[in-house]
Each structure stands twice: as structure tokens, then as C-alpha cells.
Amino acid sequence: MVTITPKKGNLLIAEPTIIGDTSFNRSIVLLADHSTEGSIGFILNKPLDYTINDLVPEVEATFKVYNGGPVEQDNLYFIHKVPHLIPNSIEISLGIFWGGDFNKVAELIAKEIISENDIKFFLGYSGWEADQLESELKTNSWVVTENVYKNQIIEKNYETFWKEKMLEFGDHYSIWSNAPENPNYN
């Protein structure tokens, strides 16, 4: 497998070797920003037992909320693919945007103008200080891949996403695709 240098918009796929890491075990992270100062991303495949309505009662919708990562878990973040509808959005890449005017988001949800296929909510984010992610890459904690799904990644099936990536990688990764999340269950 060819290793690529991380950049914003890439995916970080947790290596099977980081078993036991409660935050990142079997995670797929979308890098929202990557620079010499550090990196920020959101875990795409770790749903929480909350909906947006549980956290923001005035937003009457059952959109799932995901664990974005271990940093600032008391803050709500979102990525989306409708920047023409949400002012102040920041482009990550490939038609995926981060943040914007939350009041407008609430209004668009109430009017059923945007759906769960357009937006994904997170509690917290994943963050790395300068050179920290590169250090983790050297210890084989992550595989960096291009985001071939573009903005369709927002609607990707989170339940099978990590397993699919292991199968795509082939070779010694395939065996991990059917292994239990906790090896003690084997």
C-alpha cells in the first residue's frame, strides 16, 4: 500500500494495531485541517446515543450525533455539503464543508430543506499538535487515504465503513475485517 502525506480532506483509517484505544479503535477520521501547526478531524463512524434534538431541544429532528473525537466533547460541530444554504461555511475539500451559521442550520432542518444526507453532527473533535500526527503515522497507528467518496462520505454507512476499508486494503488487513472489536471476545 502506498503511504500518502496527510492533507485536509484525507481520511485517516485506524490501523488494527491501535486496539484498546477507546477513542480511535476502528475509527475513520476526516481531516478537516492539516498544517505545520497541527491537525483537526472528525471521527465519521462512531455514533453516539444522541440525536440533535437531545442536545438542542429547539431542533426537532432525529439526526444522529457522532463522537467526533476526544477534544472539546461538550461542543457541537458539523460538516455538510450545502454551503449555498449555510452561510460562513469553510470548505474542507471535495464539496465537504465545516461549520457555518447554526441558526440557519436549525431553520433549514425545521423546514425540511436539508436532511441527514446533507449534514453530520459531532460532539467533540480529534486534534493533533504540530508533528503529533506525523509521529503517529511513523508508529503505524493510521493509514492515510484519499477521500474517494467526496461529499458522499456524509451519507456513508458507518456500521461497515472500517471493515470495508480493511477489505479494500487487502493483504494482512483482510483478516482484521472479521475480527471482533475486542480481541478478548475471540
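In the block above lies the structure referred to throughout.
Residues numbered from 1 in each chain as written. Predicted model: local features only at pLDDT ≥ 70, side-chain atom pairs only at ≥ 80, totals over all residues. Heavy atoms only, no water.

1. Some points on the pattern of salt bridges
Under the counting rule described, the total for this entry stands at 5 salt bridges. Between Glu107 and Lys111 there is a salt bridge, with its nearest N and O atoms 3.3 Å apart. Here Lys156 and Glu164 are joined by a salt bridge, their closest N and O atoms 2.8 Å apart. What you see here is one network of salt bridges that share partners, running through Lys104, Glu107 and Lys111. (Salt bridge = Lys/Arg side-chain N within 4 Å of Asp/Glu carboxyl O.)

2. Some words on the environment of Glu91
Checked against the element boundaries, Glu91 lands in strand E7 (residues 90-93). Counting along the chain gives 12 residues from Glu91 to Ile79, while the straight-line C-alpha distance between them is 9.4 Å. (Helix = DSSP H or I, 4+ residues; strand = E, 2+ residues; numbered from the N terminus.)

3. Remarks on helix H2 (residues 102-110)
Those residues of H2 not exposed but buried are Val105, Leu108 and Ile109. Burial along H2 is one-sided: seen end-on, the buried residues are contained in an arc of 100°. Residues of H2 that are exposed and angled more than 90 degrees away from the buried face: Asn103 and Ala110. The secondary structure elements touched by the buried residues of H2 are strand E6 (71-80) and strand E9 (119-129). The distance from a side-chain oxygen at the start of H2 to the backbone nitrogen of Asn103 is 2.9 Å, and the residue carrying that oxygen is Asp101. (Buried < 20%, exposed > 50% of the residue type's maximum accessible area, 1.4 Å probe, protein only. Arc of directions from axis to C-beta. Contact = heavy atoms within 4.5 Å. Polar contact = N/O pair within 3.5 Å; in protein donor to acceptor, adjacent residues only side chain to side chain.)

4. So, the packing of aromatic side chains
For the structure shown, the criterion picks out 14 aromatic pairs. Ring centres of Phe42 and Phe122 lie 4.9 Å apart, and the angle between their planes is 20°; this geometry places the pair in the stacked category. Linking Phe42 in strand E3 (residues 38-43) with Phe122 in strand E9, this pair joins segments that are 80 residues apart in sequence. Judged by relative accessible area, which is 0%, Phe42 ranks as buried. Centre to centre, the rings of Phe78 and Phe121 are 5.9 Å apart; their planes meet at 55°, and the pair counts as tilted. Placement of Phe78 in strand E6 and of Phe121 in strand E9 is noted, with a sequence separation of 43 residues between them. When sorted by exposure, Phe78 lands in the same class as Phe121, which is buried. Clustering of aromatic rings is evident, with ring pairs tying together Phe42, Tyr66, Tyr77, Trp98, Phe122, Tyr125 and Tyr158. Above the ring of Tyr66, the side-chain terminus of Lys120 is found at 4.2 Å from the ring centroid. (Phe/Tyr/Trp six-rings, centres within 6.5 Å; stacked < 30°, edge-to-face > 60°. Lys NZ or Arg CZ within 6 Å of the ring centre and 35° of its normal.)

Purely geometric stuff here, so don't read any function into it on its own.
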